[in-house]
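A closer look at the structure
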Amino acid sequence: MILKKISQAVIEGDVEGVKEMANQGLEEGITPQQLLDDGVLAGMEVVGERFKNFDMYIPEVLKSARVMHTVMDILRPKLVSSDGGESSSSKGTVVLGTVEGDMHDIGKNLVSLMLEGAGFKVVDIGIDQSPKSFVEAVEKEKPQIVGMSALLTTTAPKIGETVEALKEAGVRDSVKIMAGGAVIDQAFVDENGVDAYGPSATAAMDIAQQFVNEVKQNAS
Ligand code: B12
């Protein structure tokens, strides 16, 4: 029942109401993951459909995004500590960003949240990040993993351009690269020199874990 209410709050843009609902859900013993998947994301799915069909417009979608961020703020500490507090001793570093020209950040923020929850240090460089910015972040942070998010057909090619820029800077082989977002699929990442496609934040977590295992295996 509360999950349905949360979905509805996302659809209706009820930022104030959702705080109480999320806290009530936690008190009822619903896991943060379930609140996220069956409450918030279920609502965002409806928002996506309505936006596509012109039943919802940008200001309303932005309100839904605010509701989503509100719930994420409440769930963040729970999700991060659900790994037994391992988050401070990082499993590895991930540089994460949304590619140039693209302002969508809800999915990226979720990926960031889940990775932190799994014990990774996440350096979130934000939205609208050029290939050059990714290169600079990799040079500065020396991550094991780079994650790119793209939600638009027009911005997806920036993923390939970023891979090329990393190659030109001589740092491509020092990282594993994953990508995701509404317009990305396995075929796209295969064609663009990306190591893995993540359809969800949970998948991002599994991929990152697999990447660090591979790095460890290669080192031993
Ligand atoms: C919310 C939204 C917006 C909001 C963004 C708010 C924000 N702060 O992010 C606003 C209103 C600003 C917006 C604007 C626009 N949008 Co918009 N938007 C959406 C919408 C409805 C939902 C996206 C979302 O947040 N989904 C929820 C999250 C949780 O899902 P997600 O992003 O897919 O992320 C998950 C996975 O993909 C994956 N993932 C994501 N990133 C990564 C990264 C890695 C490394 C990994 C492993 C995994 C991963 O894990 C995430 C969590 O599970 C989608 C519809 C859709 N079906 O996606 C359209 C959509 C993406 N938008 C679209 C369009 C066209 C636009 C605009 C051009 C509209 C306009 N005319 O102005 C502008 C572009 C602005 C810009 N330059 O970026 C189109 C894109 C079509 C296309 N093929 O290019 C879509 C698909 C809607 C549609 N069907 O028409 N949008």
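Only a predicted model underlies this, so the values are computations on that prediction, with no experimental measurement involved. (Residues numbered from 1 in each chain as written. Predicted model: local features only at pLDDT ≥ 70, side-chain atom pairs only at ≥ 80, totals over all residues. Heavy atoms only, no water.)

Bringing the side chain of Thr 70 into the picture now. Tracing the chain through its elements places Thr 70 in helix α4 (residues 58-81). In this view, Thr 70 contacts Val 15, Val 18 and Lys 19; residues no more than four positions away in its chain are not counted. (Helix = DSSP H or I, 4+ residues; strand = E, 2+ residues; numbered from the N terminus. Contact = heavy atoms within 4.5 Å.)

Two elements in contact, helix α1 (residues 2-12) and helix α3 (residues 32-52), have axes whose closest approach is 8 Å; the angle formed by their N-to-C orientations is 35°. The interaxial crossing formed by α1 with α3 has right-handed handedness. Listed contacts from α3 to Leu 3, Ile 6, Ser 7, Val 10 and Ile 11 of α1 are Gln 34, Leu 35, Asp 38, Gly 39, Val 40, Ala 42, Gly 43, Met 44, Val 46, Val 47 and Arg 50. (Axes fitted to C-alpha atoms, helices over the stretch in contact; angles between N-to-C directions. Left-handed = near helix turned anticlockwise from the far one by under 90°.)

This part covers the sheet that holds strand β3 (residues 145-149). Across the sheet, five strands lie side by side as β2-β1-β3-β4-β5; this open sheet has parallel pairing. The two strands at the open ends of the sheet, each matched to only one other strand, are β2 (121-129) and β5 (196-197). By the bridge criterion, six bridges tie strand β1 (residues 93-99) to β2 in an arrangement that is parallel. Bridging from a neighbouring strand, Val 94 pairs with Val 122 of β2. In the packing of helix α5 (residues 106-117) onto the sheet, contacts are made with β1, β2, β3 and β4 (176-180), and the angle to β2 comes to roughly 175°. (Pairing = 2+ DSSP bridges.)

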